[in-house]
Each structure stands twice: as C-alpha cells, then as structure tokens.
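For reference, the chains in residue letters:
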Amino acid sequence: MTIVTGKAEARPGLQPGGSGMLRQVWQHRADYAYVLPAIVVMLVVIAYPIYYTIELSFFNTPPGLQLRDKIFVGFNNYTAILTSEVFWQVTFNTLIWTIGSTLISFVLGFAAALALHRDFLGRGVLRAILIIPWVISAVAASYIWKWIYHSDFGIIGAVLVELGWADRPPNFIDSVSTVLPSLIVVNIWREFPFAMIMMTAGLQTVPEQLLRAAKVDGADAWQRFWHVTFPHLRNVSTVTILLLAVANFNSFIIPWIMTGGGPSNASHIWITHIYELAFGRQRWGVASAYSVLLFIILMTLGYFYVRALSGNERKDGGA
C-alpha cells in the first residue's frame, strides 16, 4: 500500500544545492522566463550604463583625447574631486537647495492640505488652481520665472520700484548672494502642490470616529491634530519627504535653464556641475566619478524610501 503525502520528495538533479534566494529562483523559474525580456532590456538600458560610468570614473579623459584612448588613473578622479574647493561649494549649494526646497515645500503642502480638508464653497476650484504649478512644464516655468526675475524687465522689480521699496530693480538671479534663494523659491512654487496632494490623500485615512471621540473628551484643535491626525500621517509624511528629497537632489531643469550654474558657481548643484563637466568641458572621467558619488547618495535615499514603503505594508498587513 502506497501512502501519498502532501509534500513531494526532493529528487536529485531537479533542484540546485543551496538555500534562500537561489532556491526560490529555481522553484519559480517558469515565472522568471516570462519577465526575461524585460530583464534583458533593463540590463542593456540601466545596468550597462551604470557599469560603464563606474569604469570610466577610473580613467582620465582629456578633451582632445578620444574615449578609446583614455588613460587609467585609478582613484585620482575621486581624490581630485574631494580636494577641490568647487566640490565643497557645489555640495553646500546642493544641501541648501535640497533641504530648503524639501522642507518648505512639505510644510506649505501640508498646510494647504489641512486648509483644503474642510468643506467650503469653491474648494474644488481652489485645489485645481493650486495644482497648476505642478502640472506646468518645468522648462516653461523656468523661462517664465527668469523673466519675472529679470533685473530690467521683471515684474517683481518693477513693482518694488513703483511702491518705493527699492531704488532700482534687484538682481535676483544675477547676484551671488540672492541667486540660490531665488531658485529655491521657484522650486518650492513648483513642488508644494505635490506635497499637498500626498498629504490630502493621507488625511482621507484619518478615522473621523477618533477625531469626534477626542473632541467629546475635551481635546482642542491642536490636541486633536497632534495626538490623532499627525500619528496617522507619519508614514505618508516620511514617503513624501523622501520623494521630494530625491527629486530635489537630482533636480536639473530649473537651475540650469535659469542660471546655468552662475554667477561664479553660486547656483551650481551636483547634477548641473556634472552636466557642465561632461558636456561643457568634456571631462568624462571626473564627471563619471561625480556621477558614481551621486548614485551612491540616491541609492541610500532610495533604500530609506523602500524601507518606509515596507513599513507601511507591514502595518497595513498587521491591521
């Protein structure tokens, strides 16, 4: 008499040795066959450029030299970057740009979401108006704001002079001291609607029963927000801040179109400096080394983003 059990016996030759990920890949090999074309495309489009950039970062590529004749220099490009004054200036600009744009965009977006969470006449129209900066092309917005900031024909300077608040139109993007804050204002104008949308979606998940119960218990508006609303928005806030930080750290269009990194590198951030090194000065090796460092930073931010999403999934699954 043969007894059939629910667990099939492993037969030699059908499964490779080892455990963990390799065993799971082998067990689901038929599933991976369906996505094999996509994996091949990703390897060609993503993996190979990453590999070639890392390889190129160890070579010197003078402007008059073809890439096939590049000179191996090891870690000299990385050493030259880390000991350059321009690197630290660009890094400082990047930190100010990223932190300032991210935090202020999030705060304004959060405030707008809270204000628009209540029912009132014209709420839908006001929401649509506030979303406009986000849906406008970044290129078009950059050129519009460039004219708004223009020292001779800009509307802001004209209004300040007309009101008597300034003797002459200010040089918003032509001055070393004001160019970066001026660009951050433009970036905040474009990005706060995204934070508003994300936080509006988060506010929909706050249980009304808890808010009503807190109100019955005597909690005022601030206490209801801090002890009920905000804890429910912690995860979506983390995700929103990380997405804004990644987008700002890798932002290119606004600073490049409006100033090109000038004046005197005062508005250069990492991505614009990399572009100038590669396509302006044709220093491909140094630009590749910069790109590798930028890739590591963005992958670190991406790791925290994935962890935040995984934490949300575990929380939802546990609920």
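The structure under discussion appears in the preceding block.
Residues numbered from 1 in each chain as written. Predicted model: local features only at pLDDT ≥ 70, side-chain atom pairs only at ≥ 80, totals over all residues. Heavy atoms only, no water.

**Quick look at the overall build of the protein chain**
Okay, step 1: Scanning the protein chain from terminus to terminus reveals 14 helices and 2 strands.
Okay, step 2: Burial statistics for the protein chain: of 319 residues in total, 33% are counted as buried.
Okay, step 3: Within the protein chain, contacts between residues at least 6 apart in sequence are counted, and of these 66% link residues at least 24 apart.
Okay, step 4: For the protein chain, the accessible area works out to roughly 20000 Å², and carbon and sulfur atoms hold 66% of it. (Helix = DSSP H or I, 4+ residues; strand = E, 2+ residues; numbered from the N terminus. Buried < 20%, exposed > 50% of the residue type's maximum accessible area, 1.4 Å probe, protein only. Contact = heavy atoms within 4.5 Å. Areas by Shrake-Rupley, 256 points an atom, 1.4 Å probe, with all protein chains shown as cover.)

**Details of the packing of aromatic side chains**
One pair of aromatic rings is described through two measures. These are the centre distance and the angle between the planes.
Okay, step 1: Under the definition given, this model contains 28 aromatic pairs.
Okay, step 2: For the pair Tyr48 and Tyr51, a centre-to-centre distance of 6.3 Å together with 40° between the ring planes defines the contact as tilted. Taken together, the residues Tyr48 and Tyr51, both in helix H2 (residues 29-56) and 3 residues apart, mark about one turn of the helix.
Okay, step 3: When its relative accessible area of 48% is taken as the criterion, Tyr51 is described as partly exposed.
Okay, step 4: Measuring from centroid to centroid gives 5.1 Å for Tyr149 and Phe172, while their planes differ by 35°, and the two rings are tilted. With a gap of 23 residues between them, Tyr149 in the loop between helix H6 (138-148) and helix H7 (155-162) and Phe172 in the loop between H7 and helix H8 (179-203) connect regions that are remote in the sequence.
Okay, step 5: The exposure class assigned to Tyr149 is buried, which follows from its relative accessible area of 5%. (Phe/Tyr/Trp six-rings, centres within 6.5 Å; stacked < 30°, edge-to-face > 60°.)

**Brief notes about the side chain of Ser101**
Okay, step 1: Among the secondary structure elements, Ser101 is positioned in helix H4 (residues 85-115).
Okay, step 2: Residue class for Ser101 comes out buried when judged on its relative accessible area of 0%.
Okay, step 3: Leave out the neighbours within four places in its chain, and Ser101 touches Ile96, Ile184, Asn187, Ile188, Glu191 and Asn248.

**A short note on the pattern of salt bridges**
Okay, step 1: Here the structure, examined in full by the defined rule, presents 2 salt bridges.
Okay, step 2: Arg123 is paired through a salt bridge with Asp119; the nearest N and O atoms lie 2.9 Å apart.
Okay, step 3: Here Arg281 ties to Glu276 by a salt bridge, and the two come within 3.8 Å at their closest N and O atoms.
Okay, step 4: Looking at Glu276, the relative accessible area reads 21%, which means it is partly exposed. (Salt bridge = Lys/Arg side-chain N within 4 Å of Asp/Glu carboxyl O.)

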